[in-house]
Amino acid sequence: KASEEHAKKPMFVQMVLDPIWQSHTLLEREAGTHAEAVLEMSKKLGVPLEAREIKRLDPRKMLQTFMSKWLPLCDSIMN
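Residues numbered from 1 in each chain as written. Predicted model: local features only at pLDDT ≥ 70, side-chain atom pairs only at ≥ 80, totals over all residues. Heavy atoms only, no water.

Focus on the side chain of Ser42
Moving on, step 1. Relative to the elements of secondary structure, Ser42 occurs in helix H3 (residues 34-45).
Moving on, step 2. Classification of Ser42 as buried rests on a relative accessible area of 1%.
Moving on, step 3. With residues up to four places along the chain from it excluded, the contact list for Ser42 reads Val47, Leu49 and Phe66. (Helix = DSSP H or I, 4+ residues; strand = E, 2+ residues; numbered from the N terminus. Buried < 20%, exposed > 50% of the residue type's maximum accessible area, 1.4 Å probe, protein only. Contact = heavy atoms within 4.5 Å.)

Structure (structure tokens):
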């Protein structure tokens, strides 16, 4: 039944919105290990992110850094 529900989702939801939501909830859930959670998510999505880039950032800035590397909207829109 879960596979039927997954199949009903549009591709944009599967490829963009679901990973955004998963990364957001992952950061909320992983209270003490935000950096590890972001690095794990970046590896799953193939986002080139290094530990030193997010090492001392608060969770909100980590998510912002991750999102800007994964979906560089400024570069995509302006080019």
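Some points on the confidence of the model for the protein
Moving on, step 1. Here the protein shows a mean pLDDT of 75. Residues at 70 or above account for 78%.
Moving on, step 2. Mean pLDDT values for the elements of the protein range from 63 in helix H1 (residues 2-7) up to 80 in helix H2 (residues 11-29). (pLDDT = per-residue confidence, 0-100.)

Some thoughts on the side chain of Asp18
Moving on, step 1. Among the structural elements, Asp18 can be located in helix H2.
Moving on, step 2. Using a relative accessible area of 19% as the deciding quantity, one classes Asp18 as buried.
Moving on, step 3. Beyond its immediate chain neighbours, meaning those up to four positions away, Asp18 contacts Lys9 and Val13.

Regarding H2
Moving on, step 1. End to end, H2 covers 26 Å across 19 residues, agreeing with the expected 27 Å (1.5 Å per residue, within 8%).
Moving on, step 2. The largest bend in H2 comes to about 35 degrees, at Leu17, with the proline Pro19 one to four residues further on.
Moving on, step 3. Listed in full, the buried residues belonging to H2 are Val16, Asp18, Pro19, Ser23, Leu26 and Leu27.
Moving on, step 4. On the buried face of H2, the contacting elements are H3 and helix H5 (59-70). (Expected span 1.5 Å × (residues − 1). Bend = angle between axes of the 7 residues up to and from the residue.)

Let's talk about the packing of H2 against H3
Moving on, step 1. Taken N-terminus to C-terminus, the directions of H2 and H3 make an angle of 160 degrees; their axes are 9 Å apart at the nearest point. By the criterion of interaxial angle, the relationship of H2 to H3 is roughly antiparallel. Note on packing geometry: the crossing formed by H2 with H3 is right-handed. Residues Pro19, Gln22, Ser23, Leu26 and Leu27 of H2 form the contact with H3, whose participating residues are His34, Ala37, Val38, Met41 and Leu45.
Moving on, step 2. For the contact of H2 with H3, the residue count by class is seven nonpolar, three polar and no charged. (Axes fitted to C-alpha atoms, helices over the stretch in contact; angles between N-to-C directions. Parallel < 35°, antiparallel > 145°, perpendicular 65-115°, else oblique. Left-handed = near helix turned anticlockwise from the far one by under 90°. Nonpolar A, V, L, I, M, F, W, Y, C, P; charged D, E, K, R; others polar.)

Some thoughts on empty space enclosed by the protein
Moving on, step 1. Applying the stated criterion across every chain, the model contains one cavity of 30 Å³ or more.
Moving on, step 2. Looking at the largest cavity, its volume works out to about 30 Å³. (1 Å grid on protein atoms, 1.4 Å probe; cavity = no way out; pocket = protein on both sides within 12 Å on 5 of 7 lines; lining within 4 Å. Points joined across faces, edges and corners; volume = space filled by probe spheres on them.)

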